[in-house]
Amino acid sequence: MDSNNQTVHDVDAACLAAWPLPQPQAEGDKELRGHVLVLGGSREMPGAIILAATAALRAGAGKLTIATGASVAQLVALAMPEARVIGLTENDTDGFHLDALDSLDPLADKVDAVLIGPGMRDAPCTARLVHALLPRLNEAGVGLVLDACAMDVMLHMPHDWPEGKPMRFARPVIMTPHCGEMAHLTGLEKECIVGQPDAPALQAARDWNAVIALKGARTVIATPDGTLWQHEGAGNIGLAISGSGDVLAGVIAGLLARGAPPEQAACWGVALHARAGDRLAERLGTLGYLAREISMEVPALLEQIGHADHIKPSADHRNIRPVPGDEQLGA
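Residues numbered from 1 in each chain as written. Predicted model: local features only at pLDDT ≥ 70, side-chain atom pairs only at ≥ 80, totals over all residues. Heavy atoms only, no water.

Draft legend 1. Quick peek at the UniProt feature "binding site: AMP" (unreviewed entry) in the protein chain. The feature "binding site: AMP" (unreviewed entry), as annotated in UniProt, sits at K215, G216, A217, R218, T219 and G245 in this numbering. In the annotation above, K215, G216, A217, T219 and G245 are the residues that line the largest pocket. The topology assignment puts R218 in strand 9 (residues 218-222). Only 2.7 Å separates the side chain of R218 from the side chain of D198, close enough to count as a polar contact. Inspection of the secondary structure puts G245 in helix 9 (residues 244-257). Judged by relative accessible area, G245 falls into the partly exposed class, the value being 25%. Excluding anything up to four places from it in sequence, G245 contacts D147 and K215. (UniProt positions renumbered as here; feature names shortened; annotations may be inferred. 1 Å grid on protein atoms, 1.4 Å probe; cavity = no way out; pocket = protein on both sides within 12 Å on 5 of 7 lines; lining within 4 Å. Helix = DSSP H or I, 4+ residues; strand = E, 2+ residues; numbered from the N terminus. Polar contact = N/O pair within 3.5 Å; in protein donor to acceptor, adjacent residues only side chain to side chain. Buried < 20%, exposed > 50% of the residue type's maximum accessible area, 1.4 Å probe, protein only. Contact = heavy atoms within 4.5 Å.)

Draft legend 2. Examining the pairing of strand 6 (residues 143-146) more closely. Residues G143 and V145 line one face of strand 6 and the alternating positions L144 and L146 line the opposite face, and both faces are buried. As defined by bridge partners, strand 5 (residues 113-116) adjoins strand 6 across four bridges and the pair is classed as parallel. Directly across from L115, in strand 6, lies its bridge partner V145. Once you follow strand 5 into helix 5 (residues 123-140) and on to strand 6, the crossover reads as right-handed. (Pairing = 2+ DSSP bridges. Right-handed = clockwise from strand over helix to strand, strands pointing away.)

Draft legend 3. Broad picture of the pattern of salt bridges. Tallying each qualifying case throughout the model produces eight salt bridges. Across the pair R121 and E44 runs a salt bridge, and its minimum N-O distance is 3.3 Å. One end of the pair, R121, is in the loop between strand 5 and helix 5; the other, E44, is in the loop between strand 2 (35-39) and helix 2 (46-58), and 77 residues separate them in sequence. (Salt bridge = Lys/Arg side-chain N within 4 Å of Asp/Glu carboxyl O.)

Draft legend 4. Region of interest: the environment of A56. As for its position among the elements, A56 is in helix 2. The spacing of A56 and R258 is 202 residues in sequence and 9.9 Å in space, taken between C-alpha atoms. Beyond its immediate stretch of four places on either side in the chain, A56 contacts V36, A61, G250, V251 and G254.

Draft legend 5. A look at the pairing of strand 8 (residues 210-214). A large share of strand 8 lies buried, amounting to five of its five residues. Neither face of strand 8 is exposed, since A210, I212 and L214 on one face and V211 and A213 on the opposite face are all buried. Sheet analysis places strand 7 (residues 173-175) next to strand 8, joined by three bridges and oriented parallel. What sits directly across from M175, in strand 8, is I212. As defined by bridge partners, strand 8 adjoins strand 9 across three bridges and the pair is classed as antiparallel. From the neighbouring strand, A213 faces strand 9, where its bridge partner is I221. Linking strand 8 to strand 9, which pair antiparallel, is a turn of three residues.

In structure tokens form, the structure reads like this:
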């Protein structure tokens, strides 16, 4: 990558106004709005999957299925009356047994997007499950978002994986790491990623065949073809709270289920999440609002941004401008 020639596309009001999300027809039903499956949760963190699942519906998805541990499935079902909830067999480390595939496999032909990761705890076990699900999801053409420990699929290979072969997805997926998680996945120093996130995000997107939403005060979204977006001023410090990332992943999954391409779902998701934080800060104060409140702002934001006729779109909705000089990754 020649960092001197790299360009960045601002995810701002003009970009969003010129890049409208897919809209269901007025006479459409819930199936046409998209069916999302959220897989995650654990005994200690059942709330994470509730946050993510709620956000997927707030982003406009029409139908929701949740797959979580049998020990918390009833709790989750009571908290999410809008969802079908499937209880999966757990092991002693809060991971799911591979017999979960028997319950999940039939869903591949019924859902439009899958989010895996919120509230999951056993990274190696989760990686085995993701590896086992990938061929079926690819076959069905289902959109996939990986969050939290599900991203460790990059580090934990199946026992029959060819030695020395790096992990690369057959179809692009969306991954939502913060800088610490990106450091864990790549072996780079966290401080280097915080200071210059563009190059690591672009390199990972190309190497892994993934849309990378690398979260931070300046969030960058990179695609396998080398396109880079940025969203600056990501809401406010109030968004740095437990559960906030689960909400973002849920919003992205909901948009993906509605038919948005992965890069659009990621860009819009980041923007909606940040703007929701701004609204809450104005009303409640910068510190102290809760992650569960973020997704409540999303429906009105979707309506207002989608009908922002007063905003003049740029000639190119990607609003291109040069990236601040980043050194080439590994140079």
